[in-house]
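Observations on the three-dimensional arrangement
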Amino acid sequence: MIYVNDKKAVLCKGDFRPAQFYKGDKKIAGYGKETFEGEGTITLENCYNDKLYGAKLTGNCVQDATPSPEAPVEIKTVGNLVTSGEYSGKYKIGIVAYNENEEEYFDIYLDAPLCKIGEYEDYIDFENKKVIRKTSIKTFTGTEGWYRQDYRLYTECGKATGIKSSEINCISNRFESYSWEVLYRNSYLATKKIGVALQGGSYLCVTPAQEIPTVAEWKAQLSAWNDEGVPLTVVYVDATREEAIDLPTLPTFRGTTNYEIETGITAGLSGEYKKRGDRK
């Protein structure tokens, strides 16, 4: 705040967005940049009528139970599948920005949902208008080029390099996930761990049973699951890709601004905003 003829005066640009003013090296009016990160309902205080900077919306993967070959568990991801209309086949993410006086809705449509496995997360980059993907989703129907080696079955999967074999790097709707090191070591035991892992060379590895089926038997099982309408589905770490997309500018309203991400499971939102009340 500054004074003109002994009266307080507010400094702003013509669109009421914040401006910085200095006298020498001393700030006499302006804003401070505040970093935020959150999930669910996110509340920002002391905002200007402005926008978010460097905003990023991150994906997620959630399962409500531990899957098994006999009892598949859905992998829930960020983005709701649209089944009719203009955007049929797309995945919708809704964003609501609001306070007690204003409210704006934004719908974003993606070719695939946003996922996350450990440190590998898909995200929307609002600043650069891109979707950054570090994972992929694949369903297996028995038509793939599977082969058997020792006590495991393999197929090529993705193009990731440099992934850590000591960490879980894929999840499945029909098999519990393990790191490659654990699944490899235990597959030689009399009582094997039934599970799935992604090998460092981008090969999907499955130990499907105590008695390992032949490739023909395994392909027949995959085909049967697919015919039942619940095919083996795996989300796995993949090479990083970028997709250009039209995106809205997420606003901040004067005072308090709340954001809600409308999707089936929790998604993260982070970025910066210009916060009122920072005076030096």
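Residues numbered from 1 in each chain as written. Predicted model: local features only at pLDDT ≥ 70, side-chain atom pairs only at ≥ 80, totals over all residues. Heavy atoms only, no water.

This next bit is on the overall build of the protein. What the protein contains, in helices and strands, is two helices and 27 strands. In the protein, which comprises 280 residues, the share counted as buried stands at 44%. Excluding contacts between residues fewer than 6 apart, the proportion of contacts in the protein whose partners are at least 24 apart in sequence is 67%. Of the accessible surface of the protein, which amounts to about 14700 Å², a share of 44% is contributed by carbon and sulfur atoms. (Helix = DSSP H or I, 4+ residues; strand = E, 2+ residues; numbered from the N terminus. Buried < 20%, exposed > 50% of the residue type's maximum accessible area, 1.4 Å probe, protein only. Contact = heavy atoms within 4.5 Å. Areas by Shrake-Rupley, 256 points an atom, 1.4 Å probe, with all protein chains shown as cover.)

Turning to the confidence of the model for the protein, a few remarks are in order. Averaged over every residue, the pLDDT of the protein is 89; residues scoring 70 or more account for 88%. Low confidence marks residues 1-16, where pLDDT is under 50. Its contacts with residues over four positions away, or in another chain, come to 20 contacts. Across residues 21-29, confidence stays below pLDDT 50; counting only partners more than four residues off in sequence or on other chains, it has 18 contacts. (pLDDT = per-residue confidence, 0-100.)

Taken in spatial order, the five strands line up as β18-β19-β23-β22-β21 in an open sheet, and their pairing is mixed. Each edge of the sheet is formed by a strand with only one pairing partner; in this case those strands are β18 (147-149) and β21 (176-177). Relative to strand β22 (residues 195-199), β21 runs parallel, the two being bridged by two bridges. Bridging from a neighbouring strand, S177 pairs with V196 of β22. (Pairing = 2+ DSSP bridges.)

On to the pattern of salt bridges. As enumerated under the stated definition, the model contains twelve salt bridges in all. Between E243 and R133 there is a salt bridge, with the nearest N and O atoms lying 2.8 Å from each other. With E243 in strand β24 (residues 232-244) and R133 in strand β17 (residues 130-140), the pair connects residues that are 110 residues apart, well separated along the chain. Among the ionic pairs, D150 bridges to R152, the shortest N-O distance being 3.9 Å. Overall, R152 belongs to the buried group, its relative accessible area being 1%. (Salt bridge = Lys/Arg side-chain N within 4 Å of Asp/Glu carboxyl O.)

With respect to the helices and strands, W218 occurs in helix α2 (residues 215-227). Residue W218 is classed as buried on the basis of its relative accessible area, which comes to 2%. In this structure the C-alpha to C-alpha distance between W218 and R148, which are 70 residues apart in sequence, comes to 9.7 Å. What W218 contacts, discounting residues up to four positions off in sequence, is W146, L153, F175, V206, P208, P213, W225 and L232.

This brings us to the packing of aromatic side chains. Within this structure, the stated rule accounts for 13 aromatic pairs. Summarising the aromatic geometry, the rings of Y147 and Y154 are spaced 5.3 Å apart at their centres and angled 15 degrees between planes, so their arrangement reads as stacked. Here the aromatic rings of Y147 and Y203 are separated by 6.4 Å at their centres, their planes lie at 80 degrees, and the arrangement is edge-to-face. Of this pair, Y147 sits in strand β18 while Y203 sits in strand β23 (residues 203-207); the two residues are 56 residues apart in sequence, bridging distant segments of the chain. Using a relative accessible area of 33% as the deciding quantity, one classes Y147 as partly exposed. A relative accessible area of 27% means that Y203 is categorised as partly exposed. Following the ring pairs from residue to residue traces out a cluster consisting of Y147, Y151, Y154, W180, Y184, Y188 and Y203. One residue, K56, lies across the ring of Y123, its end atom 4.7 Å from the ring centre. (Phe/Tyr/Trp six-rings, centres within 6.5 Å; stacked < 30°, edge-to-face > 60°. Lys NZ or Arg CZ within 6 Å of the ring centre and 35° of its normal.)

The next thing to look at is the nonpolar core. For soluble globular proteins, nonpolar side chains are generally found buried alongside one another. Counting residues in hydrophobic clusters, the biggest one holds 28 residues, and the most contacted among them are L57, I124 and F126. Mapped by element, the contributors of at least two residues to this core are β6 (41-47), β8 (53-58), β12 (91-98), β13 (103-110), β26 (255-262) and β27 (268-275). Counting 27 residues, the second-largest nonpolar core is a separate cluster that includes I117, W146, F175 and L198. (Core = buried A, V, L, I, M, F, W, Y, C linked by side-chain atoms within 4.5 Å.)

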